[in-house]
Amino acid sequence: MPRTALPASGQDRLPIAESGTPGEYRKLCPDSTGPTSWLHPRVLLRSRNHLVAKLHDPVARLREEWLRVQGVPGGEARVDALRISEHAGRERTAFVVLGDTGEGDASQMAVVPGLLKVARGTDFTVICSDVVYPAGEAGDYEAKLLCPYRDLPGPIYGVPGNHDWYDRLTGFMTHFCGAEQAPDGDIWAGAGVRGRLASILWRSSDVPKPREAHAVVQRGPYWSLDAGPVVVVAVDTGIDGAIDEPQADWLLQVSRERPDAPKILLTGKPPIADAQYRPSPITGHRHRGRAMTVDDVVRDPRHGYVAVIGGDIHNYQRYPLTLEDGRQIAYIVAGGSGAFTHGTHKIPRIDDERAGVAAQVLSHAGARVEVSEVDSRLFPSRAWSLHWFARRFAHTLPLDGPALSYVDAAALIGDALGLEPVDPTARETLARYRVDGMPLHMLAAQALFFRPLPAPGKLFQRFTSEFLDWNDAPLAKSFLRVDADEERIRLRCYRATGWLHDEVYPPVEEDVSIPVR
């Protein structure tokens, strides 16, 4: 593959400042002293349903039971029952999207000062995926939802992520849907040895408490919202990312409505993340001789989708896919609004001819699409991610570890992906290393963060982001503001770094305009 200039997804247009005056965000969480310990045994135990679901996944049955106790009918009547109409009839609309927020410590609060400024004039907010960590308990909503976002204008709607299902969705249904009754306690039981074992291990939850005053009229974990010039459709992908048959029937009906209006899909599991295609299978539906996926619904020209926004991965990614008929759909990961930052430095080349995104879509879905490195976007960039994670790791060692300058990190990324750095200094550095060989600290970073390692090094590479979580500036958090009218949809990704200047003047990481006429 020919070498091309390393685009914005590899290097920042404006690198994150490494020094400055810390912001005021820590005052918003006086009870927090440090990051959540993601690998603590107690946290892992509370999150065990993620593993139990591999034995027997009761989410589809539980979801239907939640809708039943909420009085939501099945069949075609479900479309109207799960429709949110409070924002219909507008000529223009604006809303905020947050993803993977609920860590409850300073890294979540770092987003709030800039968010409150950017959210002025918006109609509503959506928290898309993993509202409360680690396991969605109703008792955690006060500190992780009600307090941080109490000053946002308009209602807050929710899209559950896998962590919200770790307590059987009880906390989510209580606070977002006003549930006062839970499904029967044995609904998660399965048949056979695996099912019986899963029912023993499956984590139960407390009886729902009365909903808080902030709760809005959202009857279920998936819904549609008529926002005037745009329709927002939210799906619940449960723990494993699949869509059950009743939800699929609802999704197809909702997607066929208003073919003239552009649609945005919100999901807990984005179809494209980390340059990997994960299209969310649909139970009970076939498409061209194979199982239908949520992405098949999105790409169908009769449905009018222009963007898909999902959480789950804790950073910002945008992949603009051009379809064979010339339409373009923006596939966006927007999970950087609170939890530990997932590194981007191991994301492979997006337009690799054999294993890139387009090749995966063609192999899995039989659809020809185009997507390039130049037009895609990652925040934090690969270069900053490698630089900062190497620096964090070095600071944990008693001796100097494999710390990398930003320039060295950009050169190493360029070498790994077969791309030329845009930054002239990084380009010169890479050229010199190709002639003289890489210095020891570069080789150490390459071995630690890129090359396959035996255990326990493999565990470190798998959980690098969790091991090296931090709460101090500079941070690499983000959130979205969406503005829509009859002519275009404008998507802006804002940074939240923890520096005071960025709290006062929230910087725009990316500004994308999608024409709809």
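Look a little higher up for the structure.
A brief structural summary. Note that the structure is predicted; figures quoted are calculated from it, not measured.

The next point concerns the side chain of aspartate 105. Of note, aspartate 105 is situated in the loop between strand E3 (93–99) and helix H5 (106–109). Here aspartate 105 is buried and forms no salt bridge, its nearest opposite-charge partner lysine 477 lying at an N-O distance of 7.2 Å. A polar atom in the side chain of aspartate 105 sits 2.8 Å from the side chain of serine 107.

Time to look at the nonpolar core. Judged by nonpolar contacts, the single largest core of 64 residues is most densely connected at Trp223, Ile264, Leu266, Ile309, Phe449 and Ile489. A per-element tally of this core places helix H13 (residues 382–395) first, with 7 residues. If we ignore the near neighbours within four places in the chain, the residues touching isoleucine 264 are Phe95, Val230, Val231, Val232, Val233, Tyr305, Val306, Ala307, Ile309, Val482 and Ile489. Counting 41 residues, the second largest nonpolar core, distinct from the first, contains Val297, Ile347, Val369 and Leu378.

This part covers the sheet that holds E3. Sheet strands line up and pair through hydrogen bonds in the backbone, either parallel or antiparallel. One open sheet accounts for 6 strands, arranged E5-E4-E3-E19-E20-E21; its pairing is mixed. The open sheet has two edge strands, strand E5 (156–159) and strand E21 (508–515), and neither has a second partner. Each strand of the sheet is rotated relative to its neighbour by a mean of 20°, with strand direction disregarded. Sheet topology places strand E20 (residues 488–496) next to E21; 7 bridges connect them, and they run antiparallel. When the bridges of E21 are listed, leucine 491 appears paired with valine 512.

Let us now look at the packing of aromatic side chains. Inspection of the entire model under this criterion finds 15 aromatic pairs. On the basis of an interplanar angle of 45° and a centroid distance of 5.7 Å, the ring pair of tyrosine 157 and tryptophan 223 is categorised as tilted. Residue tyrosine 157 is located in strand E5, and its partner tryptophan 223 is located in strand E6 (residues 223–226); the two are separated by 66 residues in the primary sequence. According to the relative accessible area criterion, tryptophan 223 is buried, its value standing at 1%. Measuring from ring centre to ring centre gives 6.1 Å for phenylalanine 449 and phenylalanine 460, while their planes differ by 55°; the resulting arrangement is tilted. In this pair, phenylalanine 449 is assigned in helix H16 (residues 440–449) and phenylalanine 460 in helix H17 (residues 457–462), connecting sequence segments 11 residues apart. A network of ring pairs unites the aromatic residues Phe95, Phe124, Tyr157 and Trp223 as a single cluster.

It is worth spelling out the pairing of strand E14 (residues 316–323) at this point. In terms of burial, E14 is a largely internal element, 7 of the 8 residues being buried. Bridging between E14 and strand E15 (residues 328–334) involves 7 bridges; their strand directions are antiparallel. Across the sheet, tyrosine 316 pairs through a bridge with alanine 334, a residue of E15. Counting the residues that bridge the hairpin from E14 to E15 gives 4 residues, and of these glycine 326 lies at a positive phi of roughly 95°. Summarising the sheet, E14 and strand E16 (residues 369–370) pair through 2 bridges and their orientation is antiparallel. If you follow threonine 322 over to E16, its bridge partner there is glutamate 370.

Looking now at the pairing of strand E8 (residues 263–267). With respect to burial, E8 is a largely interior element, 5 of its 5 residues being buried. Side chains Lys263, Leu265 and Thr267 of E8 all project onto a buried face; the interleaved residues Ile264 and Leu266 project onto the opposite face, where all are buried too. One ladder, built from 5 bridges, connects strand E7 (residues 231–235) with E8; its direction is parallel. Bridge pairing in E8 places valine 235 opposite threonine 267. In this view, the connection linking E7 to its parallel neighbour E8 by way of helix H10 (residues 245–256) has right-handed handedness. Sheet topology places E8 next to strand E13 (residues 305–310); 5 bridges connect them, and they run parallel. In the sheet register, leucine 265 faces E13, and the bridge partner there is valine 308.

Calculation criteria
Residues numbered from 1 in each chain as written. Predicted model: local features only at pLDDT ≥ 70, side-chain atom pairs only at ≥ 80, totals over all residues. Heavy atoms only, no water. Helix = DSSP H or I, 4+ residues; strand = E, 2+ residues; numbered from the N terminus. Buried < 20%, exposed > 50% of the residue type's maximum accessible area, 1.4 Å probe, protein only. Lys, Arg positive; Asp, Glu negative; His and termini not counted. Salt bridge = Lys/Arg side-chain N within 4 Å of Asp/Glu carboxyl O. Polar contact = N/O pair within 3.5 Å; in protein donor to acceptor, adjacent residues only side chain to side chain. Core = buried A, V, L, I, M, F, W, Y, C linked by side-chain atoms within 4.5 Å. Contact = heavy atoms within 4.5 Å. Pairing = 2+ DSSP bridges. Axes fitted to C-alpha atoms, helices over the stretch in contact; angles between N-to-C directions. Phe/Tyr/Trp six-rings, centres within 6.5 Å; stacked < 30°, edge-to-face > 60°. Right-handed = clockwise from strand over helix to strand, strands pointing away.

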